[in-house]
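For reference, the chains in residue letters:
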Amino acid sequence: MRKLSVVVAFLLAASAQAADKVKIGFISTLSGPNASIGIDIRDAFNLAVKLNGGKLGGLPTEVLVGDDGLKPEQAKQIAERYLQRDKVDIVTGIVFSNIVMAVAPDAIANKVFFISPNAGPAQFTGAQCNPFFFAASWPSEAYSEAAGQYVTSKGLKNVIFLAPNYVGGHDAATGFKRYFKGKLQEEMYTKLGQLDYAAELSQIRAAKPQALYVFLPGGMGVNFIKQFVAAGLSQDIQLIVPLWGSDQDIIRAVGDPMLGLFSVGHWSIDFDNPANRKFVAEFEKEYKRLPTGYAASGYDTAMLIDSAIRKVKGKIEDKNALRAAIRAADFKSVRGEFKFGPNQFPVQNYYLQLVGKDNNGRIVHKTMSTVLTARGDAYVQDCKMK
C-alpha cells in the first residue's frame, strides 16, 4: 500500500511540475531563399517572449527551434522529436501550407495544440477543422479574396494569376476567383522555390493583361518583382500582390522600384493602435530593421499563447480549459480587433495598401482603405466542431 502511495505521489508531483514551464516546438523555414519569412516569425515570437520577461502567461518559456528547410519530411521528423521526446505543449512557427499538412496531423494525434502564425490551409477551415488546430494569421484564401475584390472594384477585366504549384498557391487561386468578376486570362503555376521568371514574363508580355495578381512568398517574390520591373512591364500592367509580396523583406531587396505598388493585407506598419506602435518600435530596436506582416503574425501568435496560459493560471495540462482560453483570444493584437470564428480561424478586416515613403523617407506600406470587413472564410459552415 505504501509503495502505491509513493507512485501516486510521484505522478502527482510530475503533473504539478509539468506546469512549471511551457515548451514551444517552433518549426519554421530558416534556410534557403525563403528563410527571411521564418526568421521574421521566429524573431517576433522571441521578442514577445523577451518582453514578457522570458515567460508566456507567467510560465518560464523554452522555445525549441527547428529548421524545416521547406522539406515536409524534414519538418515531420522535427515534429516527431518535439512531440515524442521533448513533450512540447504547443507547436507553432510553420510558414508554408505543405509543411502544415505534414506536421499538423501529428500534433493533433498527440493532442498538442498546433497554432499557425502564417499558413492556414483551407482543409482545416471546413470539414477537417479540429479542436487542436488554430490559425493566428488568416485562412489561406483570404488575401487572394481581397485581391479579387479590389480588382473587381477597379473594373479591371483581363487579369492573369500567378502562384507556385503547391497547396497555398491553389488556395490562392480559389480565393481570387471567388471575388474576381472579370475574365481570368490565364492561371499560371511555377515551381515552389523558383527564382527565374523569364519564361513567365514573356508569356505575360504577350498576353497584355490589364492587371497581374502574383502570390509568391519570400525570395520568389523578391526575384519576380525585380525581373518584372527590369522587363519594363510595370509601365503597362498593374501588379497586385498580397502583403508579403511588397513587404519589408522585399522592399529591402528591391528598393525604389517598389514605390506605387498595391497590395492587400490584414496588417500594416502604420496601424495606429498601442499594441502595434509598441511592436514596431521594439522590433526595430531589437533587430535594427522594420517588421514584416510575417513578424506581426509571429508576435500576435506569442501574445495569443501568453493570454491563454495566463487565463488558465498556468494549468496548461487542462486541455479543455486551455483550448477555451486560446479561443477567447483575450489579448491586444497588433492588427486591432482579433477574434476567432467557430473553426478557430480569424475573422478580420483586409486592407488595400500602397507602397510609399513615410515622414522619415523610408519605404513602407500606407493603408488606403478597407477591402473586406470582418471576413472569415468560405468553409466555416462545413466545420462541425463543438
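Quick caveat: nothing in here was measured; it's all calculated off a predicted structure.

1. Thoughts on the pairing of strand E7 (residues 158-164)
Stage number 1. Of all seven residues making up E7, six are buried, and the element is well covered by its neighbours.
Stage number 2. As defined by bridge partners, E7 adjoins strand E8 (residues 183-190) across seven bridges and the pair is classed as parallel. Following the sheet pairing, Asn158 is matched in E8 by Lys183.
Stage number 3. Between E7 and its parallel partner E8, the chain crosses via helix H6 (residues 167-179), and the hand of that crossover is right-handed.
Stage number 4. Bridging between E7 and strand E9 (residues 211-214) involves four bridges; their strand directions are parallel. If you follow Ile160 over to E9, its bridge partner there is Leu212.

2. Quick notes on helix H2 (residues 35-51)
Stage number 1. An ideal rise of 1.5 Å per residue puts 24 Å on 17 residues; H2 measures up with 24 Å between its terminal C-alpha atoms.
Stage number 2. Within H2, burial applies to Ala35, Ile37, Gly38, Asp40, Ile41, Asp43, Ala44, Phe45, Leu47, Ala48 and Val49.
Stage number 3. Looking one or two places after H2, you find Gly53, whose phi comes out positive at around 75 degrees.

3. Thoughts on the side chain of Gln353
Stage number 1. Checked against the element boundaries, Gln353 lands in strand E13 (residues 346-357).
Stage number 2. Note on Gln353: relative accessible area 0%, which makes it buried.
Stage number 3. A polar atom in the side chain of Gln353 sits 2.7 Å from the backbone oxygen of Trp267.
Stage number 4. Apart from the residues within four sequence positions on either side, Gln353 is in contact with Leu243, Leu261, Phe262, Ser263, Val264, Gly265, Trp267, Ser268, His365, Lys366 and Met368.

4. A few points about the environment of Asn34
Stage number 1. When you line up the elements, Asn34 lands in the loop between strand E1 (22-28) and H2.
Stage number 2. Distance from Asn34 to Val100, taken between C-alpha atoms, is 16 Å for residues 66 residues apart in sequence.
Stage number 3. Other than its neighbours up to four places away in sequence, Asn34 contacts Thr29, Leu70, Phe96, Gly193, Pro217, Gly218, Gly219 and Met220.

About the thresholds
Residues numbered from 1 in each chain as written. Predicted model: local features only at pLDDT ≥ 70, side-chain atom pairs only at ≥ 80, totals over all residues. Heavy atoms only, no water. Buried < 20%, exposed > 50% of the residue type's maximum accessible area, 1.4 Å probe, protein only. Helix = DSSP H or I, 4+ residues; strand = E, 2+ residues; numbered from the N terminus. Pairing = 2+ DSSP bridges. Right-handed = clockwise from strand over helix to strand, strands pointing away. Expected span 1.5 Å × (residues − 1). Polar contact = N/O pair within 3.5 Å; in protein donor to acceptor, adjacent residues only side chain to side chain. Contact = heavy atoms within 4.5 Å.

Honestly, that's just the spatial picture; any functional story needs more than this.
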